[in-house]
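# Topology and contacts: notes
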Amino acid sequence: PVDPEHHDVTLVATAGATGLCIVVEDTGSWRDSVSRPGRGLGLRIARAMVDRMSIVRRGPGTEVVLWRSTGGHA
């Protein structure tokens, strides 16, 4: 059986001439912060620190893509 407390997380960061892209993938299941009191600020904090963010929930897991411009020119 799968251990519900163990989930793999992969993080890939790529720096380019115009910005930084970070992709975070996990194998856990999505749960609303309401079901976990005192939790749920991570996405709000991440969103406040980047220019763009996308969240894709799929299969067993989630992919979050964060983009922050460095002000460079391509």
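Above this text you will find the structure in question.
Residues numbered from 1 in each chain as written. Predicted model: local features only at pLDDT ≥ 70, side-chain atom pairs only at ≥ 80, totals over all residues. Heavy atoms only, no water.

### Details of the overall build of the chain
Along the chain, the regular secondary structure elements total one helix and four strands. If you list the helices and strands of the chain from N to C, you get β-β-α-β-β. Within the chain, the fraction of its 74 residues that count as buried is 14%. Counted over contacts in the chain with a minimum sequence separation of 6, partners at least 24 positions apart contribute 46%. Of the roughly 5,800 Å² of accessible surface on the chain, 57% is carried by carbon and sulfur atoms. (Helix = DSSP H or I, 4+ residues; strand = E, 2+ residues; numbered from the N terminus. Buried < 20%, exposed > 50% of the residue type's maximum accessible area, 1.4 Å probe, protein only. Contact = heavy atoms within 4.5 Å. Areas by Shrake-Rupley, 256 points an atom, 1.4 Å probe, with all protein chains shown as cover.)

### Concerning a nonpolar patch on the surface
A cluster of nonpolar side chains, Leu 41, Ile 45 and Met 49, forms an exposed patch at the surface whose accessible area comes to about 310 Å². Take Leu 41: it is sitting in the loop between β2 (19-26) and α1 (42-49). (Patch = residues over 30% accessible without salt bridge, like charges linked within 9 Å, V, L, I, M, F, W, Y side chains within 5 Å. Salt bridge = Lys/Arg side-chain N within 4 Å of Asp/Glu carboxyl O.)

### A few points about the nonpolar core
As a rule of thumb, soluble globular proteins bury nonpolar side chains together. In this structure, Ala 46, Val 50, Met 53, Val 64 and Leu 66 together form the largest nonpolar core, which totals five residues. Setting aside anything within four residues of it in sequence, one finds Ala 46 in contact with Met 53 and Leu 66. (Core = buried A, V, L, I, M, F, W, Y, C linked by side-chain atoms within 4.5 Å.)

### Notes on the pairing of strand β1 (residues 9-15)
Each regular strand shows side chains that alternate between the opposite faces of the sheet. Bridge count for β1 against β2 is seven bridges, and the pairing is antiparallel. Counted as the bridge partner of Val 12 is Val 23 from β2. In textbook terms, the turn of a hairpin is the stretch between consecutive antiparallel strands, and for β1 and β2 this stretch comprises three residues. (Pairing = 2+ DSSP bridges.)

### Examining the sheet that holds strand β3 (residues 52-57)
One open sheet holds the four strands; their spatial order is β1-β2-β4-β3, and the pairing between them is antiparallel. Strands with a single pairing partner mark the edges of an open sheet, and in this sheet they are β1 and β3. In this sheet, adjacent strand axes meet at a mean angle of 10° when their direction is disregarded. (Axes fitted to C-alpha atoms, helices over the stretch in contact; angles between N-to-C directions.)

### A few points about the environment of Ala 15
Turning to its location among the elements, Ala 15 is positioned in strand β1. In sequence terms Ala 15 and Thr 70 are 55 residues apart; their C-alpha atoms lie 9.3 Å from each other.

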